[in-house]
Amino acid sequence: MDAQSQWTGLDAGRLERITDHIERNYIGPAKIAGCQVAVARHGHIAYLKSFGMMDIERNKPTRDDTIYRIYSMTKPITSVALMTLYEQGYFQLNDPVSRYVPSWKNHRVWVSGEGADMVTEAPGRPITFRDVLSHMAGLTYGGGLPGVGVQHPIDNIYRTLRIRSSGTTDTMMEFMDKLAQVPLRYQPGQAWMYSLATDVCGALVEIISGKPLAQYLQDVIFGPLGMVDTAFYVAADKQDRFAANYERGPDKKLKLLDDPATSSFIKEPAFKSGGGGLTGTTADYMRFCEMLRRGGELDGHRILGPRTLEIMHMNHLPGGKDLTQVAIGGFSETANEGVGFGLGFASTMDQVATGGLGTGDYYWGGAASTIFWVDPKEDLTLVFMTQLMPSGTFNFRGQLKSLVYSAIID
């Protein structure tokens, strides 16, 4: 057994199957432009490799320090930030959000109809902090999900009010007050729907702390963890490391979707999206994951207490159900079978139901097919970065789980 395998309990030869799998199935046939995979166990890197191109048009190979749009992998970071305020006593999970946003006392719940004929009712209870952390508040994405569009009559109200629309310059409180005008899709706490809820969490971080969201994240998470390349936009001196973003056209060939030279991500946004606005590197996100794996601390910097982190990746869905029983809507960053959801993370409840190895891990992904997971039982973390829209085109998580977990030898 080599030294690396002794440290990690992962067979180095078997991990090389990742290389073969990605090159044979994705890089060779040009299904993706490029990617990075990082696997660590017991705090030691077991596998780290960059593949393909970060920018096909400029013939730039993927660099180890390539910067990616991480989209919804922003959500766990924002959720952790909000829970640091929980630990300071600013709220309890069952407290109403209206405690900090008075307009949220006025919410109604959709019953039937649309437009002038829409029927609504009063909520059975107020929306709580737990609800927004777990996507059970009754919010939607307002027709803004990639490849999905308007799914429900209330989505049209999101669009009419220009909630999170391109070019809007709403303050966090203006964003929250607009949301108060939109009927909820369902009664709070009674279903799960992927939504703007984590943008709400970001707004709450700013409103409660009195600091701009970007500054709070820098002071409380990025600075202490040494996440030097994670931000809401790519600074001018880092833009040569910024990857292009692609989609697959009708002919299944890669098509440039977002050129790094003209991307909206090279300018500071007026609204900082806690649900999907960050860019960053594999190395940075691995440091965030290592903090999670270590129970909220890394290199002497404690972000959260271990008990707080533990409740975050417990299943908070009503009655201990999985997402197949409570999820509404046709888009998510996860499959639903055997999967629960906590405060910012999905979690594997039943590996038989999911049809994949590993149970008890918690994770999320991003719209450009990025993924990560942390497995407390196996003491393992993984980060996968690529830029292919939308997520779900390929089952990268399932494939990587079978490759990585089959390499565990202790």
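All figures in this text were calculated on a predicted structure; none of them were measured in a lab.

Draft legend 1. Spotlight on empty space enclosed by the protein. In total, this model carries 3 cavities of 30 Å³ or more according to the counting rule given. Every residue lining the largest cavity is listed: Ala33, Gly34, Cys35, Met53, Met54, Thr62, Tyr68, Ala243, Ala244, Tyr246, Thr386 and Gln387. Elements that contribute at least two residues to the lining of the largest cavity include exactly β1 (34-41) and β2 (44-55). Among the residues making up the lining of the largest cavity, the classes are represented as 8 nonpolar, 4 polar and no charged.

Draft legend 2. Representation of the sheet that holds strand β17 (residues 388-389) in the model. Taken in spatial order, the 3 strands make up an open sheet running β8-β7-β17, and their pairing is mixed. For this open sheet the edge positions go to β8 (254-258) and β17, each flanked by a neighbour on one side alone. Here 4 bridges tie strand β7 (residues 245-248) to β8, and the two strands are oriented antiparallel to one another. Paired with Tyr246 across the strands is Leu256, a residue of β8.

Draft legend 3. Quick look at the pattern of salt bridges. The full count for this structure, using the stated rule, is 24 salt bridges. A salt bridge links Lys49 to Glu16; the nearest nitrogen and oxygen atoms lie 3.4 Å apart. With a gap of 33 residues between them, Lys49 in strand β2 and Glu16 in helix α2 (residues 12-27) connect regions that are remote in the sequence. A salt bridge links Glu290 to Arg293; its shortest N-O distance comes to 3.0 Å.

Draft legend 4. Expanded view of unusual backbone geometry. Following Met389, the chain continues to Pro390 via a peptide bond in cis, the omega torsion being -10 degrees. Tracing the chain through its elements places Pro390 in the loop between β17 and α13 (396-405). The backbone of Ala30 shows a phi angle near 60 degrees, a positive value even though the residue is not glycine. With respect to the helices, strands and loops of the structure, Ala30 is situated in the loop between α2 and β1. The phi angle at His42 is positive, at roughly 55 degrees, despite the residue not being glycine.

Draft legend 5. Region of the structure containing α13. In terms of residue burial, α13 counts as a mostly covered element, since 7 of its 10 residues are buried. Among the residues of α13, Phe396, Arg397, Leu400, Lys401, Leu403, Val404 and Tyr405 are the ones counted as buried. Those residues of α13 that are buried lie in contact with α2, β1, β13 (346-348), β14 (362-365), β15 (371-375) and β16 (380-386).

Draft legend 6. Here's a closer look at the layout of surface pockets. Empty space within the largest pocket amounts to approximately 1200 Å³. Along the walls of the largest pocket sit 38 residues, with Tyr71, Arg164, Phe265, Ser273 and Gly276 positioned nearest its centre. Among the secondary structure elements, those contributing two or more residues to the lining of the largest pocket are α5 (153-160) and β8. For the lining of the largest pocket, the residue count by class is 17 nonpolar, 14 polar and 7 charged. The volume enclosed by the second largest pocket comes to roughly 590 Å³. Taken together, the elements giving at least two residues each to the lining of the second largest pocket come down to α12 (351-354), β14, β15 and α13. Considering each element in turn, the lining of the second largest pocket owes the most residues, 5 residues, to α13. Classifying every residue of the lining of the second largest pocket gives 11 nonpolar, 15 polar and 4 charged.

Parameters and conventions
- Residues numbered from 1 in each chain as written.
- Predicted model: local features only at pLDDT ≥ 70, side-chain atom pairs only at ≥ 80, totals over all residues.
- Heavy atoms only, no water.
- 1 Å grid on protein atoms, 1.4 Å probe; cavity = no way out; pocket = protein on both sides within 12 Å on 5 of 7 lines; lining within 4 Å.
- Points joined across faces, edges and corners; volume = space filled by probe spheres on them.
- Helix = DSSP H or I, 4+ residues; strand = E, 2+ residues; numbered from the N terminus.
- Nonpolar A, V, L, I, M, F, W, Y, C, P; charged D, E, K, R; others polar.
- Pairing = 2+ DSSP bridges.
- Salt bridge = Lys/Arg side-chain N within 4 Å of Asp/Glu carboxyl O.
- Buried < 20%, exposed > 50% of the residue type's maximum accessible area, 1.4 Å probe, protein only.
- Contact = heavy atoms within 4.5 Å.

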